[in-house]
Amino acid sequence: MFPVELRGTRAQTLMWAHEHEVEQAALQQLRNIAQLKWVHGVRVMPDVHLGKGATVGSVIAMRDAVAPAAVGVDIGCGMESVRTDLTAADLPEDLRSLRSRIEAAVPVGFAAHKEPVDVRKLDAQLVGSHGEAAKRTRGWQQFWSAFGELHPGVQALEAKAHKQMGSMGGGNHFAELCVDADDSVWILLHSGSRNIGKELAERHMAIARKLDHNVDLPDRDLAVFLSGTTEMAAYRRDLTWAQEFAARNRAVMLALICQAVRDEFAGREVRFDEPISCHHNYVAEELIDGVPMLVTRKGAVRAGAGELALIPGSMGTRSYVVRGKGNPASFQSASHGAGRRMSRNAAKRQFTVADLVAQTEGVESRKDAGVVDEIPAAYKDIDQVIAAQRDLVDVVATLRQVLCVKG
């Protein structure tokens, strides 16, 4: 059934969705991307929808070039999850207390910590402290010392970036408590590089638009940097730092949430498995069709053979832990979530708080006008999205949300 080839493109564009299921503006975006002479190929995930410049749910392999819009403004945005040794039977009937603890530990929306998190204390608390989570919260001095090398326009934002480390943000970012088919309790969270990633991305996009080789593009938001140039070197430097910020941010958030869970269940020792982590807005150097390429994934995860990834649904449905099949046809990629089927403004016009309450029944969460744009009906059917990529991933665990924290 999939993939299907998008008609009218210069570079081969394979889709894990049918053309009639995708809005025309997004299809035109994909054609514009595939028109760029540096593009080797485009792969389109089943959660595809319109983005700025480049489509969300797209994987783009380019030769000696990269388009900042193909990464997006939330550089390094991604997922983190860990299974606990709690079971559904351990959870209280009313989860409001735990939600309050998580909201007190992790700032949401535009908020930040009043003072930077003391990460030295977190190392002892981190899940799997012998593994990746702890590694990402060490080397702080070296990490922050690189801030002075970033774009001059962000130098006044260092104090803000310190305070936003370990914070969620708004929009579709979240932290959840979920239960799998075996009644094991999981923590799942979604966040990225916060304001500093956005500021870096927008500055580099502005630089790219002014470069001579981008004058005749079908969309100026698709402006690219070329390998071997000072502009590319500066972008890759800032991009790499922002991707690391995002990974560290999720590791700190996870540690803070795990501590909130420990505090809630103070009568017993709560244990945690090794976390699963994945970016879904980033750049990687990979071999595509045997040739070194710069691969951008915007709203897509890497799904190499045996690699674990996380594909969340909306706040009232299900999320999935998956294992990649390493399918070369998709550039070893899979979707990053359900994907929106309508804009935020359209969702606010169409749905009410009463609709939100009905669609999130059984989930301890905000149920007010501030999150109506995140109502499950504003998203595609996550089960259909998973079904469309059977050749890309295997499902390892299905997670049902019981608590959701949003900005």
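Given the structure is predicted, the values throughout are model-derived calculations rather than measurements.

Section: the overall build of the chain
Stage number 1. Within the chain one finds 11 helices and 17 strands.
Stage number 2. Relative to the 2.2 N^0.38 estimate, which gives 22 Å for 407 residues, the radius of gyration of the chain is 20 Å and therefore close to what a compact globule would have.
Stage number 3. Seen along its three principal axes, the alpha-carbon backbone of the chain occupies a region of about 65 × 50 × 40 Å.
Stage number 4. Of all 407 residues assigned to the chain, the portion counted as buried reaches 59%.
Stage number 5. Contacts spanning at least 24 positions in sequence make up 75% of the contacts within the chain whose residues lie at least 6 apart.
Stage number 6. In the structure as shown, the chain presents an accessible area of about 16,400 Å², 50% of it carried by carbon and sulfur atoms.
Stage number 7. For the chain, the distance from the average site of its 49 positive side-chain charges to the average site of its 51 negative ones is 3 Å.

Things to note about the sheet that holds strand E11 (residues 281-288)
Hydrogen bonding along the main chain pairs the strands of a sheet, whether they run parallel or antiparallel.
Stage number 1. With mixed pairing, the six strands of this open sheet are ordered in space as E1-E2-E3-E4-E12-E11. The sheet terminates laterally at strand E1 (4-5) and E11, the two strands that pair on one side only.
Stage number 2. Sheet analysis places E11 next to strand E12 (residues 291-298), joined by eight bridges and oriented antiparallel. By the bridge assignment for E12, Val-283 is matched with Thr-296.
Stage number 3. Helix H1 (residues 24-35) contacts strand E2 (12-15), strand E3 (39-49) and strand E4 (56-62) of the sheet and is inclined by roughly 165° relative to E3.

So, unusual backbone geometry
Stage number 1. Between Phe-2 and Pro-3 the backbone carries a cis peptide bond, its omega angle lying at 5°.
Stage number 2. Following the sequence through the fold, Pro-3 ends up in the segment before E1.
Stage number 3. The residue Arg-194 is not glycine, and still its phi comes out positive at about 55°.
Stage number 4. Of note, Arg-194 is situated in helix H7 (residues 194-209).
Stage number 5. Accessibility expressed as a relative area gives 13% for Arg-194, which makes it buried.
Stage number 6. With phi around 50°, Asp-289 is a residue other than glycine that occupies positive phi space.
Stage number 7. Here Asp-289 is to be found in the loop between E11 and E12.

Observations regarding H1
Stage number 1. With 12 residues, H1 should reach 16 Å at 1.5 Å per residue; the first-to-last C-alpha distance of 16 Å fits that figure.
Stage number 2. Buried within H1 we find Ala-26, Leu-27, Gln-29, Leu-30, Arg-31, Asn-32, Ile-33 and Ala-34.

The rules behind the values
- Residues numbered from 1 in each chain as written.
- Predicted model: local features only at pLDDT ≥ 70, side-chain atom pairs only at ≥ 80, totals over all residues.
- Heavy atoms only, no water.
- Helix = DSSP H or I, 4+ residues; strand = E, 2+ residues; numbered from the N terminus.
- Rg over C-alpha atoms; globule rule 2.2 N^0.38 Å.
- Buried < 20%, exposed > 50% of the residue type's maximum accessible area, 1.4 Å probe, protein only.
- Contact = heavy atoms within 4.5 Å.
- Areas by Shrake-Rupley, 256 points an atom, 1.4 Å probe, with all protein chains shown as cover.
- Lys, Arg positive; Asp, Glu negative; His and termini not counted.
- Charge placed at Lys NZ, Arg CZ, Asp CG, Glu CD.
- Pairing = 2+ DSSP bridges.
- Axes fitted to C-alpha atoms, helices over the stretch in contact; angles between N-to-C directions.
- Expected span 1.5 Å × (residues − 1).

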